[in-house]
Amino acid sequence: MIDQLLTVVKRASAAIMEVYDTNSAVVETKADNSPLTQADKASHVIITTALKKRFPDIPVISEEGDEEENREHLKQRTYWIVDPIDGTQDFVNRTGEFCIAIGLVDGDRPIFGLVAAPTCDTVYYGGPDMGSFKKVGDGPAVQIRTEELHPHVIAISRTHTIEATERYIDEYYPTARRRKLGSMLKQMALASGDVDIYPVIGQPLHLWDVAAGQAIIEGAGGTVLRPDGSKIHWHETADFKVGDFIARAKKA
C-alpha cells in the first residue's frame with residue numbers, strides 16, 4: 001500500500017509543481033473565503049481517482065470533494081480523508097511550505113497518514129501501529145520520533161495569528177520559542193523532533209487538516225488530544241471542523 005501511495009503522491013506533486021514552477025496559478029475564492037487553484041483541483045483528481053480504484057470499499061473524503069458525499073462518507077467507520085494541497089495560501093504566497101495530506105481513519109482515530117512536501121521532495125508516513133518515517137527523494141525511509149525539547153519550541157502558523165492560541169502559549173509556555181511554519185508541516189516538524197508542541201486553540205481547522213498529521217505524530221510517539229486530555233471525535237463534527245487540540249511530543 002505504501003509503495004502505491006508514494007507513486008500516487010509523486011504524480012500529484014508533479015502536477016502541483018508544474019503550476020508552482022511556472023507561477024501560473026489562477027486563484028479562486030471558495031465560499032469560506034479560502035483560496036483554490038488549478039493545482040488543488042489536479043491533485044484532488046489524481047489522488048481520489050487512485051484511492052477509489054485501489055480501495056473501492058473505502059469511501060474518500062476530500063477538501064475539494066462534494067460536500068454532501070463527504071457528509072455521507074463521514075458516517076462510515078473507515079474512510080480516507082484527503083487534503084490535495086494543505087496550505088494553499090502558502091502555495092499562493094510562494095513560501096514553499098505546502099503539502100499533500102492523505103489520512104486513513106478507522107473507528108475513533110486515524111490509523112495511517114502520508115504527508116508529501118513537493119518543494120523539498122520529502123514524504124512522511126506512518127501510524128500508531130507501525131511507527132513513522134521520513135523519506136527524502138529516492139533515499140531510504142528513516143524512522144522519526146518526537147522529542148521533548150528544553151526550552152520548548154512551539155509551532156505556530158506562518159500566515160495567521162490566532163489570539164486564542166497566543167493566549168494559550170503565553171499562559172502555559174511563556175518562555176517557549178516560537179517557530180513559524182506553513183500547513184501540516186508544523187505537525188511533521190513535531191513528529192521529527194524539531195518542535196515539541198503544536199497548540200490549536202480557536203482555529204478553524206478541518207478534519208483533513210489534522211488526520212494524516214495525527215497518525216504520523218502518534219506513530220512517532222507523540223499525542224494529539226483535546227486541551228482537557230480527551231480524544232478528537234472523527235465521526236461527530238459540525239462542518240468537518242476539528243476543534244481545539246494540543247499536539248505534544250512524548251515526555252522524556
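Residues numbered from 1 in each chain as written. Predicted model: local features only at pLDDT ≥ 70, side-chain atom pairs only at ≥ 80, totals over all residues. Heavy atoms only, no water.

Q: How should the environment of Ile2 be read in this particular structure?
A: Topologically, Ile2 is positioned in helix H1 (residues 2–22). Considered as a pair, Ile2 and Leu114 are 112 residues apart in the sequence and their alpha carbons are 8.8 Å apart. Setting aside its immediate chain neighbours within four residues, Ile2 contacts Phe112, Tyr125 and Met130. (Helix = DSSP H or I, 4+ residues; strand = E, 2+ residues; numbered from the N terminus. Contact = heavy atoms within 4.5 Å.)

Q: When you look at the layout of surface pockets in this model, what are you seeing that I'm missing?
A: Rolled over the atoms, a probe sized like a water molecule indicates the empty space that remains. Approximately 720 Å³ is the volume attributed to the largest pocket. Along its surface, the largest pocket is lined by 32 residues, and Ser34, His160, Pro204, Leu205 and Asp209 are the ones closest to its centre. Every element with two or more residues in the lining of the largest pocket is listed here: strand E4 (78–86), helix H4 (88–93) and helix H6 (185–191). When grouped by side-chain class, the residues that make up the lining of the largest pocket number nine nonpolar, 13 polar and 10 charged. (1 Å grid on protein atoms, 1.4 Å probe; cavity = no way out; pocket = protein on both sides within 12 Å on 5 of 7 lines; lining within 4 Å. Points joined across faces, edges and corners; volume = space filled by probe spheres on them. Nonpolar A, V, L, I, M, F, W, Y, C, P; charged D, E, K, R; others polar.)

Q: For this particular structure, what's the right way to read the pairing of strand E12 (residues 197–200)?
A: When a strand is regular, its side chains alternate between the sheet's two faces. Taking every second residue as pointing to the same face, both faces of E12 are buried, with Ile197 and Pro199 on one and Tyr198 and Val200 on the other. Here E12 pairs with strand E14 (residues 245–248) via four bridges, running antiparallel. Note on E14: the bridge partner recorded for Pro199 is Ile246. (Buried < 20%, exposed > 50% of the residue type's maximum accessible area, 1.4 Å probe, protein only. Pairing = 2+ DSSP bridges.)

Q: Even after reading the chapter, I still don't get unusual backbone geometry, so can you show me in this structure?
A: The general pattern is negative phi for most residues beyond glycine and trans for most peptide bonds. Residue Pro151 is reached from His150 by a cis peptide bond, and omega for that bond is -5°. Relative to the assigned elements, Pro151 resides in the loop between strand E9 (141–144) and strand E10 (153–157). Within the chain, Asn33 stands out as a residue other than glycine whose phi angle is a positive 70°. Tracing the backbone shows Asn33 in the loop between strand E1 (28–29) and strand E2 (35–36). Look at Ser183: it is not a glycine, yet its phi comes out positive at around 55°.

Q: Please clarify how the sheet that holds strand E7 (residues 122–127) should be interpreted in this entry.
A: Two strands in a sheet stick together by hydrogen bonds in their backbones, pointing the same way (parallel) or opposite ways (antiparallel). The strand order across the open sheet formed by seven strands is E3-E4-E5-E6-E7-E8-E9, and the pairing between neighbours is mixed. Looking at strand neighbours, the two that pair on one side only are strand E3 (60–62) and E9, the edges of this open sheet. In this sheet, neighbouring strand axes are inclined to one another by 20° on average, regardless of whether the strands run parallel or antiparallel. Here H1 sits on the sheet in contact with E4, strand E5 (99–106), strand E6 (109–117), E7 and strand E8 (131–136), set at roughly 45° to E6. Contacts from helix H2 (residues 38–54) reach E3, E4 and E5, with the element oriented near 155° to E4. (Axes fitted to C-alpha atoms, helices over the stretch in contact; angles between N-to-C directions.)

In short, shape yes, function no, at least from these values alone.
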